[in-house]
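Summary of structural features
Each chain, written out:
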Amino acid sequence: WQQTDRETTAREDKRNHAKGIRRLWAPKDVMRTISAAIVSAQRWSESSGRKIDAAEALVLIAGHFEKTWSKMRGKHRTKARAAVFRRTRGRCSVPTCSLPGRHVHHIRYRSRGGTDAPEETTLLCIPHHLRGVHMGYLTIEGRAGERLVWRFRNGEIWITEGDDDVRRARPPADPAAAGRVSERGPPAYGVGVAA
């Protein structure tokens, strides 16, 4: 079966190649993003009076991606990243997580005016960053190193004061005060907190 499948795929790829069609393999959510980016690039190109196909749109997207990310490889980004690693001691900043931090997360996304400043970034492990934050299970508010409020989709709220003072919080009973949280005692796992 596998041999037949490989041969069928090879024949189909050869026919598509002759027609100028390329097959992309990726998870469905990634393909939705790529498709949206292709449509966006095509619309942008049409607004400047030139109609492009999907292949040209991909080339345009790749060029934009490379140009954007190559600007971010400078020393400023490296210094800011090093400051975040020092502050968190290389660990994920999410309360109760003990995994190593691998991703620097922008508390306020760069697309919404955030910067690489250490107080606007925090270190997260891969699961908390990709699945927690970017899939909507976790939101982070505040300034790193000062006060961060961690809101989990299940209703849990944690507060980090400074870098190490972690407290579990509960939402106020008064719905009018929904933006504020009140603090509980120290968490059960023994993270040191000021009394």
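Conventions we followed
- Counting restarts for each chain, with residues numbered from 1 along the sequence as it is written.
- Local features in this predicted model are restricted to residues whose pLDDT is 70 or higher, and side-chain atom pairs enter the listing and the counts only when it is 80 or higher, whereas totals over whole chains, interfaces and linings include all residues.
- Remark: hydrogens and water are excluded; side-chain values derive from all non-hydrogen atoms of the structure.
- Helix and strand assignments come from DSSP, with helices taken as H or I runs of at least 4 residues and strands as E runs of at least 2, each series counted from the N terminus.
- In this description, contact between two residues means that some pair of their heavy atoms is separated by no more than 4.5 Å.
- To measure how exposed things are, a 1.4 Å probe is used in the Shrake-Rupley method; for residues, cover is taken only from the protein chains shown.
- Think of it in three bands: residues with accessible area under 20% of the maximum for their type are buried, residues over 50% are exposed, and the middle band is partly exposed, with areas taken using a 1.4 Å probe on protein chains only.
- Strands qualify as paired when DSSP identifies two bridges or more between them.
- Nonpolar cores were defined as sets of buried Ala, Val, Leu, Ile, Met, Phe, Trp, Tyr and Cys residues, with membership established by side-chain atoms within 4.5 Å.
- Between Lys or Arg on one side and Asp or Glu on the other, a salt bridge is scored when a side-chain nitrogen of the former is within 4 Å of a carboxyl oxygen of the latter.
- pLDDT expresses how confident the predictor is about each individual residue, on a scale running from 0 to 100.
- Under this definition, polar contacts are N or O atom pairs within 3.5 Å; protein pairs additionally need one hydrogen-donor-capable and one acceptor-capable atom, and for neighbouring residues in sequence, both atoms have to be side-chain atoms.
- Pairing of aromatic rings covers Phe, Tyr and the six-membered ring of Trp, with a centre-to-centre limit of 6.5 Å; geometry is then stacked below 30 degrees between planes, edge-to-face above 60, and tilted otherwise.
- The rule is short: NZ of Lys or CZ of Arg within 6 Å of the ring centre and within 35 degrees of the ring normal puts a charge over the ring.

Structural notes on the overall build of the protein chain
- When its secondary structure is counted, the protein chain shows 5 helices and 7 strands.
- Counting from the amino terminus, helix and strand elements in the protein chain follow one another as α-α-α-α-β-β-α-β-β-β-β-β.
- Once local pairs closer than 6 in sequence are excluded, the contacts in the protein chain between residues at least 24 apart make up 39%.
- Accessible surface, the protein chain as shown: approximately 13500 Å² in total, 56% of it carbon and sulfur.

Overview of the pairing of strand β5 (residues 157-161)
- Most of β5 sits inside the fold, with 4 of its 5 residues counted as buried.
- Hairpin remark: strand β4 (residues 147-152) followed by β5, antiparallel, with 4 residues in the connecting loop; positive phi at G155, about 100°.

Topic: the nonpolar core
- Counting residues in each nonpolar core, the largest one holds 15 residues, and the members touching the most others are V94, L124, L138, I140 and W150.
- Looking at this core, the elements with two or more residues in it are β3 (138-143) and β4.
- A per-element tally of this core places β4 first, with 3 residues.
- Not counting residues within four places of it along the chain, the set of residues in contact with L138 comprises V94, H128, G132, V133, W150, R151 and F152.

Focus: the pattern of salt bridges
- One pass over the full model with this rule turns up 7 salt bridges.
- A salt bridge links E146 to R143; the shortest N-O distance between them is 3.3 Å.
- For R143, a relative accessible area of 37% translates into the label partly exposed.
- Here R147 makes a salt bridge to E161, at a shortest N to O gap of 2.4 Å. Here the residue R147 occupies a position in strand β4, and E161 occupies one in strand β5, the gap between them amounting to 14 residues.
- Taking the relative accessible area as the measure of exposure, R147 reaches 31% and is therefore partly exposed.

Focus on the confidence of the model for the protein chain
- For the protein chain, the average pLDDT comes to 79, and 82% of its residues sit at 70 or higher.
- Taken as a whole, residues 182-195 scores under 50 in pLDDT and shows 31 contacts with residues more than four places along the chain or in a different chain.

Considering the side chain of H129
- With respect to the secondary-structure elements, H129 resides in helix α5 (residues 126-133).
- Among the polar contacts listed, one links the side chain of H129 to the side chain of H105, at a separation of 3.3 Å.
- Each residue touching H129, except ones within four places of it in the same chain, is listed here: H103, H105, L124 and H134.

Some words on the packing of aromatic side chains
- Summed over the entire model, instances satisfying the criterion amount to 0 aromatic pairs.
- Sitting above the plane of the Y137 ring, R153 keeps its charged end 4.2 Å from the centroid.

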